[in-house]
Amino acid sequence: MAKPTRADLARMAETLFRPFEAGGLSLPNRIVMAPMTRCLSPGGVPGADVAAYYRRRAEGGVGLIITEGTWIPHPSASNEPDVPRFYGMDALAGWQRVVDEVHAAGGKIMPQLWHIGQTAKTELEGLFTDTDSGVDRQVGPSGMVGALGVMPRPLDRPATIEEIEAVGAAYVEAAASAYRLGFDGVELHAAHGYLFDQFFWHATNLREDHYGGDLAARTRFAADIVRGIRAATAPGFPIVLRISQWKMHDYAAKLAETPADLERFLAPLVDAGVDIFHCSQRRFWEGEFGTDLNLAGWVKKLSGTPTITVGSVTLQQEMLVTLRGEPSATEPNLAQLLTLLDRGDFDLVAVGRALIVDPDWPAKIRAGAEDALLPYSPAALATLA
Ligand SMILES: Cc1cc2nc3c(=O)[nH]c(=O)nc-3n(C[C@H](O)[C@H](O)[C@H](O)COP(=O)(O)O)c2cc1C
């Protein structure tokens, strides 16, 4: 195919600028800012600079912002003090300012609610320096602890039912706070090997009670929480669930080996009330199950639920390479993305690093100016420009 001109791309890009309406959410376009941990909220409190950072992305034309992962109110949730909390009057006042500023700029925003489960902090070596989680007890389904490149192994005791219920209540409390503050929904971080994913994955969930069993049974922890959030918020309050096949310990890991597995996994979550699935991949063009349909495509097809895709949109290097300190040049993959969006594989497109370096990414895309996009440098993580 001949290289598309700016005019060709601008014409194709209109598919990204169609409004979206589903799952209680109305968006002016299909562009989502992916959740990205910044570690720039001292003491867990998002400051005025965090509000300005998100406001700038809303002004740049992002349809929906999903915030960096934020800690739910449970002492076992976190591994990093400068990641924002989603609890406590000081942190919630900071989030109120974020939501107000984004709304003033005409944007929509959801917090990503996060609990790391039993993930050793060393998994993000290079991004974080301190390897001591500072938490007395990490909580996970079967006491399995893993780290970047290190497969989970049994190191601790499984979570008690009381611990599981307390963590579940903390998710519900955080979501109720998001609702009260006026956020446009919540995203639950159920991807990448963290707490929810530890329940989902056979290698980290060896339980034989309500929370363990086959793949469908292993969704119960998440499904119960989704129901709890629905009851504590409102029928139309959007609940997004971020899932992935891969884990931080193992990029080749598969939650679902076949479409039938994936269907069994999704059904109880849809039934519980998930409105949108955010399907995390490192490269959006990689198909699942030996087809050219990516994870967001399969999830949409099997669940009938809207999906968000993500992964190296307009960038050459995938995210983990850059988390280890490499830069990434831009990559002209927009036409391929727009073709998949246009054929209905997924509904929304999340963009991560490209929006950190360039809040004007949406306007450039609308003009077809892929050649004017900026490369990504990990140095951009040092500030909230
Ligand atoms: C610095 C950084 C921090 C991230 N933090 C999170 C996070 O808190 N929660 C999450 O679900 N994904 C996180 N991710 C993954 C991104 O949401 C996204 O899926 C990934 O960067 C791929 O998109 P991109 O290629 O457009 O950057 C992070 C990625 C980066 C680069």
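So, a few notes on the structure that sits alongside this text. As the structure is a prediction and not an experimental result, all values here were calculated from the model.

Scoring rules and cut-offs
- Residues numbered from 1 in each chain as written.
- Predicted model: local features only at pLDDT ≥ 70, side-chain atom pairs only at ≥ 80, totals over all residues.
- Heavy atoms only, no water.
- Helix = DSSP H or I, 4+ residues; strand = E, 2+ residues; numbered from the N terminus.
- Buried < 20%, exposed > 50% of the residue type's maximum accessible area, 1.4 Å probe, protein only.
- Contact = heavy atoms within 4.5 Å.
- Areas by Shrake-Rupley, 256 points an atom, 1.4 Å probe, with all protein chains shown as cover.
- Lys, Arg positive; Asp, Glu negative; His and termini not counted.
- Charge placed at Lys NZ, Arg CZ, Asp CG, Glu CD.
- Expected span 1.5 Å × (residues − 1).
- Polar contact = N/O pair within 3.5 Å; in protein donor to acceptor, adjacent residues only side chain to side chain.

**Some thoughts on the overall build of the protein**
Within the protein, the secondary structure is distributed over 12 helices and 12 strands. When the 385 residues of the protein are sorted by exposure, 59% land in the buried category. Of the contacts formed within the protein by residues at least 6 apart in sequence, a portion of 74% connects residues at least 24 apart. In the form shown here, the protein has an accessible surface area of approximately 14000 Å², with 54% of it arising from carbon and sulfur atoms. Side chains of the protein give 35 positive and 47 negative charges; the mean places of these two sets differ by 4 Å.

**Brief notes about helix α7 (residues 259-272)**
For α7, which comprises 14 residues, the first-to-last C-alpha distance of 20 Å matches the rise-based estimate of 20 Å (1.5 Å per residue) to within 8%. Among the residues of α7, those classed as buried are Asp261, Leu262, Phe265, Leu266, Leu269 and Ala272. Of the surrounding elements, those touching the buried residues of α7 are α5 (195-200), α6 (220-232), β9 (239-244), β10 (276-280) and α8 (295-303).

**Concerning unusual backbone geometry**
In the Ramachandran plot, Phe289 falls in the positive-phi region, its phi being about 55° despite a non-glycine side chain. With respect to the secondary-structure elements, Phe289 resides in the loop between β10 and α8. One non-glycine residue with positive phi stands out, namely Ser312, at about 60°. For Ser312, a relative accessible area of 6% corresponds to the buried category.

**Let's talk about the side chain of Asn333**
Along the chain, Asn333 turns up in the loop between α9 (319-323) and α10 (334-342). The class for Asn333 is buried, based on a relative accessible area of 5%. In terms of polar contacts, Asn333 uses its side chain to reach the backbone carbonyl oxygen of Ser312, at 2.9 Å. Setting aside residues no more than four positions away along its own chain, Asn333 makes contact with Phe284, Trp285, Ser312, Val313, Thr314, Leu315 and Glu370.

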